[in-house]
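Descriptive structure summary
So you can see what is in the structure, the chains are spelled out below.
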Amino acid sequence: MAAQRKIYWGSGSAPAWRVLIALKEKGLEYENKLIEFSKAGHKSEEILKLNPRGQVPTFVDEDGVVVNESLAALLYLQDKYPTPSLLPATIEKRALVYQRFQEAANFHDKISQVIRFKMANADAEVPQDKVDAVKTELTLWESYLAEDSFIAGPEFSLADVSFGPFLLTMIRFGGTLKDFPKLAKYADKIKARPSFKETSPPHWNDTPGKDFLASL
Ligand SMILES: N[C@@H](CCC(=O)N[C@@H](CS)C(=O)NCC(=O)O)C(=O)O
């Protein structure tokens, strides 16, 4: 019997959320292996056998192919299940999607620095350079959007799957987009998209967010 496609993920993990979104966009069924970070579920023997880093996402396709690392899993899913496509038709347009797809790591890094700082120093002010670094990122990403566009052009693409979960995570951690109107509109648009909505971190529904990025 063919192995069942499955994804190990944790609520609030933006890398894992990326893969859940891509699975939904492609209409693929999967076994939902939600782990609990508080119980070190990501370090279980079951996961470590598949992913020696003990991280989520850990993804296993129906034929047993294991793909860890969220960006690798997104590329794999696009290759293996090309329709519906999450890439534009021409190589010229794909170039920008590939760029933004990778570039999201910068945004991730800057918001993570603030989040980690506040987790370690709950009562301290976030150092200004860390706040400024997030603002610089937001200014860049704002400039990438045209009125009503997605992050790498008029069509939803892998670039949105890569970047979107981190933007929504920033908002969850208290970041405001009041000075970034195109990003604010974009955030509302992706939040309402079924693939994002159906896979958004379940604990966000019934617990308050944080104010770690409130000084933005
Ligand atoms: N580069 C990896 C990062 C995955 C990652 O950092 N996952 C976190 C949750 S957001 C995790 O599992 N952390 C536990 C650990 O590293 O021990 C990816 O994009 O998939």
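The chain goes by Glutathione S-transferase in an unreviewed UniProt entry, where it is assigned to Coccomyxa subellipsoidea. Turning to the chain, the UniProt annotation filed under Sequence similarities (unreviewed entry) states: "Belongs to the GST superfamily."

A closer look at the packing of helix α3 (residues 70-80) against helix α6 (residues 158-172)
It is at 11 Å that the axes of α3 and α6 come closest, and there the two elements cross at 155 degrees. Compared by their axis directions, α3 and α6 come out roughly antiparallel. For the crossing formed where α3 meets α6, the hand is right-handed. Across the interface between the two elements, L71, L74, L75 and Q78 of α3 pack against L158, V161 and S162 of α6. Here the contact of α3 with α6 is composed, by residue class, of 5 nonpolar, 2 polar and no charged.

Re the domain arrangement of the chain
Domain annotation for the chain reports domain 1 (6-80) and domain 2 (91-204). Relative to domain 2, the C-alpha centre of domain 1 lies at a distance of 21 Å. Summed over both sides, the interface between domain 1 and domain 2 buries roughly 1,800 Å², with carbon and sulfur atoms accounting for 74% of that surface. Across the domain 1-domain 2 interface, the total number found is 2 salt bridges. A salt bridge links R193 to E25, with the shortest nitrogen-to-oxygen separation between them at 2.7 Å. Here domain 1 and domain 2 share 5 residue pairs in polar contact (both at pLDDT 80 or more) between them. Within the residue set of the side of domain 1 that touches domain 2, elements represented by two or more residues are α1 (14-25) and α3. Here the side of domain 1 that touches domain 2 gets 9 residues from one element, more than from any other, and that element is α1. Residue composition of the side of domain 1 that touches domain 2, grouped by class: 11 nonpolar, 3 polar and 3 charged.

Topic: the site of the ligand
Every residue close to the ligand is listed here: S13, P15, F37, H42, K43, G54, Q55, V56, P57, E69 and S70. At 2.5 Å, a side-chain N or O of K43 approaches an oxygen atom of the ligand. Contact with the protein chains covers 68% of the free accessible surface of the ligand, which is 510 Å². Class assignment for the residues of the shell around the ligand results in 4 nonpolar, 5 polar and 2 charged.

Here's the deal with the pairing of strand β1 (residues 6-10)
Regular strands show a simple pattern: their side chains alternate between the two faces of the sheet. The element β1 is extensively covered by neighbouring structure, given that 4 of its 5 residues are classed as buried. Relative to strand β2 (residues 31-35), β1 runs parallel, the two sharing 5 bridges. Across the sheet, K6 pairs through a bridge with E31, a residue of β2. In this view, the connection linking β1 to its parallel neighbour β2 by way of α1 has right-handed handedness. Bridging between β1 and strand β3 (residues 58-60) involves 3 bridges; their strand directions are antiparallel. By the bridge assignment, Y8 is partnered in β3 with T58.

Notes on the nonpolar core
Judged by nonpolar contacts, the single largest core of 60 residues is most densely connected at L138 and L183. Residue assignment for this core shows that the elements contributing at least two residues are β1, α1, α3, α4 (91-120), α5 (128-144), α6 and α7 (181-192). Inspection of this core shows a minimum of three residues originating in each of domain 1 (6-80) and domain 2 (91-204).

Calculation notes
Residues numbered from 1 in each chain as written. Predicted model: local features only at pLDDT ≥ 70, side-chain atom pairs only at ≥ 80, totals over all residues. Heavy atoms only, no water. UniProt positions renumbered as here; feature names shortened; annotations may be inferred. Axes fitted to C-alpha atoms, helices over the stretch in contact; angles between N-to-C directions. Helix = DSSP H or I, 4+ residues; strand = E, 2+ residues; numbered from the N terminus. Parallel < 35°, antiparallel > 145°, perpendicular 65-115°, else oblique. Left-handed = near helix turned anticlockwise from the far one by under 90°. Contact = heavy atoms within 4.5 Å. Nonpolar A, V, L, I, M, F, W, Y, C, P; charged D, E, K, R; others polar. Domains from an automatic or database assignment. Buried area = accessible area lost by both parts, 1.4 Å probe. Salt bridge = Lys/Arg side-chain N within 4 Å of Asp/Glu carboxyl O. Polar contact = N/O pair within 3.5 Å; in protein donor to acceptor, adjacent residues only side chain to side chain. Near = heavy atom within 4 Å. Areas by Shrake-Rupley, 256 points an atom, 1.4 Å probe, with all protein chains shown as cover. Buried < 20%, exposed > 50% of the residue type's maximum accessible area, 1.4 Å probe, protein only. Pairing = 2+ DSSP bridges. Right-handed = clockwise from strand over helix to strand, strands pointing away. Core = buried A, V, L, I, M, F, W, Y, C linked by side-chain atoms within 4.5 Å.

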